[in-house]
Amino acid sequence: MNRVEVDKNNVCLNRVEEKCINCGMCLKTCKNINGFEKDCINCGQCILTCPTGALTPKYDYQKVLNYLKDTNYTVVVFTAPAVRVAIGDSFGFPPGSFLEGKMVSALRKMGFDYVFDTTFGADLTIMEEANELKKRIEEKKLPMFTSCCPSWVLYAEKYYPKLVSKLSTCKSPIAMQGAMIKSYFSKMYNIPTKKIISVSLTPCISKKYERFLYPETDFVITTSELVLMIRQLEIDFKSLKEDCFDKLLGKGSGGGLIFGTSGGVMESILRTLYYMINKEKAPDLFYQFTDIRGEKDFKETIVDMQKFKLKIAVVNKMATIKKLINKLQEYDFIEVMSCPGGCIGGGGQPLVAIKDLEAIRQERINSMYQDDKNLEIKDSYMNQEIRDAYDYYINKERVELHTNHKKIKNFTNNDEISIIETKEEK
Ligand code: SF4
Ligand code: SF4
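A.B. asks: Describe the sheet that holds strand E6 (residues 196–202), and please don't skip the residues or the numbers.
C.D. replies: The four strands lie next to each other as E4-E3-E6-E7, forming an open sheet whose pairing is parallel. Of all the strands in the sheet, the pair left with one neighbour each is strand E4 (114–117) and strand E7 (219–222). Averaged over all pairs of adjacent strands, the angle between strand axes in this sheet comes to 25°, irrespective of strand direction. Of the strand pairs in this sheet, E6 and E7 are connected by four bridges, and their pairing is parallel. Of the residues in E7, the one forming a bridge with Thr202 is Thr222. Along the sheet, helix H7 (residues 173–188) makes contact with strand E3 (74–79) and E6, crossing E6 at roughly 155°.

A.B. asks: Before we move on, can you summarise the site of ligand 1 with the specific residues and values?
C.D. replies: Within the structure, ligand 1 sits among 13 residues, and Arg3, Cys20, Cys23, Cys26 and Cys50 are positioned closest to it. Tallied by class, the residues present in the shell around ligand 1 amount to eight nonpolar, three polar and two charged.

A.B. asks: Would you mind going over the sheet that holds strand E10 (residues 333–337) in detail, with residue names and values included?
C.D. replies: One open sheet holds the four strands; their spatial order is E5-E10-E9-E8, and the pairing between them is mixed. Looking at which strands have only one partner, the edges of the open sheet turn out to be strand E5 (144–145) and strand E8 (298–304). The pairing of E8 with strand E9 (residues 309–316) spans seven bridges and is antiparallel. Within E9, the residue paired with Lys299 across the bridge is Val314.

A.B. asks: Break down helix H6 (residues 150–159) for me, citing the residues and quoting the values.
C.D. replies: The element H6 is largely enclosed, with a buried count of eight among its 10 residues. Within H6, burial applies to Pro150, Ser151, Trp152, Val153, Leu154, Tyr155, Ala156 and Glu157.

A.B. asks: Help me get a handle on the packing of helix H5 (residues 118–138) against helix H11 (residues 264–278), residues and values and all.
C.D. replies: A pair of packed helices can be characterised by two numbers: the angle between their axes and the separation between those axes. Two elements in contact, H5 and H11, have axes whose closest approach is 9 Å; the angle formed by their N-to-C orientations is 60°. On the basis of their axis angle, the class for H5 and H11 is oblique. The way H5 lies across H11 gives a crossing that is right-handed. Taken together, the residues of H11 that come into contact with H5 (itself represented by Ile126, Met127, Glu129, Ala130, Asn131, Leu133 and Lys134) are Ser268, Ile269, Thr272, Leu273, Met276 and Ile277. Residues of the contact of H5 with H11, tallied by class, amount to eight nonpolar, three polar and two charged.

Quick notes on the rules
The residue count restarts for each chain, going from 1 along the sequence in the order it is written. As a convention, the first chain written is A and the first ligand written is 1, with the rest following in written order. Selection of residues for local features in this predicted model requires a pLDDT of at least 70, selection of side-chain atom pairs for listing and counting requires 80 or more, and totals for whole chains, interfaces and linings are taken over all residues. Criterion used throughout: strands pair if DSSP finds at least two bridges between them. Strands are runs of DSSP state E lasting at least 2 residues, helices are runs of H or I lasting at least 4, and numbering of each runs from the N terminus. Think of each axis as a best-fit line through the C-alpha atoms, taken over the contacting stretch in the case of a helix, with angles from 0 to 180 degrees between the N-to-C directions. Note that contacts rest on C-beta atoms placed from the backbone: two residues are in contact if these are within 7 Å. Here, nearness is defined through the C-beta atom: a residue counts as near a molecule or strand if that backbone-placed atom lies within 6 Å of it. Only Asp, Glu, Lys and Arg are considered charged in this grouping, and only Ala, Val, Leu, Ile, Met, Phe, Trp, Tyr, Cys and Pro are considered nonpolar; every other residue, Gly among them, is considered polar. Burial in this document is a count-based property: other C-beta atoms within 10 Å of a residue's C-beta are tallied, and the residue is buried at 20 or more, exposed at 12 or fewer, or partly exposed in between, with C-beta positions derived from the backbone. Roughly parallel means an angle under 35 degrees; roughly antiparallel means over 145; roughly perpendicular covers 65 to 115; every other angle is labelled oblique. The crossing is said to be left-handed when, going from far helix to near helix, the turn is anticlockwise and less than a right angle, and right-handed when the turn is clockwise.

Structure follows, in structure tokens:
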């Protein structure tokens, strides 16, 4: 075998056979990033290094464009943090350009009725996950792993089922926001759930798989699909005026934004955990965590939480997890992201020259931390829309924000679902 296998039923990844020259780059990438060559875990890194464009995300954007023309539906889009720092690569902007305002403007021009920000969902995940970590620390049920990367969750389910009980029970920001759109948003705006189409815009192809697990999100489209939509609708992206997100599930905190980089999930959860434990804002270090930022494959440090110390680790690209497996007892909290650099390096980002990939990822990372620096609200617990959501809804109504990760599901293009029980060893 010289190239990655792409199952015809893969809901995330597609290969155009006529374009494939059998060069083997995709397999080399898969071995380098994931360290194995068995089943696909949907990270899509092979797309970014295929020299002929034979590999692409499984496209869903035409279905979304059709819904945008249908006045019977309210079509809501929510945008992951990493899209805004990468979309400019396709329109001649310098790498890492922060184009949030133009991105929102393009989505409105396309006809989306509401444009929300997944940094809201990230803030919600941070609140729930910090709270869970606090409980696990009290109950001495450590280490805990992050669970926001579906490729990591799938990898754990397939290859390390014993670790599944150590994953946070939190759904990903996209899955949480999808659930909130079909419940909280539906109620507050008095729009029946069945009349809402929720579309997640993301750098990630793996979320196309995840949305079958949590079907409150109707469609997942990637940054590269957004570029195709902008071109198809002949929108002049460069000259667009800046626009803002809608309220209710709008732009979140700096912590929610840096979720899109390796180490960002850890940093933002620690900011909130510190506050939950000490009832005061975390020290400056928690807002410039150089030990866990950046592109190193593996990062670790000990964090002083005042009442106790936490040993933390950040795994940046899947292959690195093997370094940890035999010494898990040394750590309290571990972040794992499948793609190098975290979601800013996701397989659904626009194609750039392969030789420039690393430098471009670094520019995207810098851009995110700069926006966090510029933002007044850097902590999820300070996000007023999150506070309102807990006051008005989450604490009163039943909304599904957690999961037990008990099943691996295989999906086909026809959305036929077969469920395989995970062989979790007790
Ligand atoms: S990298 Fe692209 S062209 Fe090369 S073998 Fe893989 S799919 Fe084919
Ligand atoms: S790191 Fe981010 S982009 Fe990559 S598979 Fe995980 S969630 Fe998706």
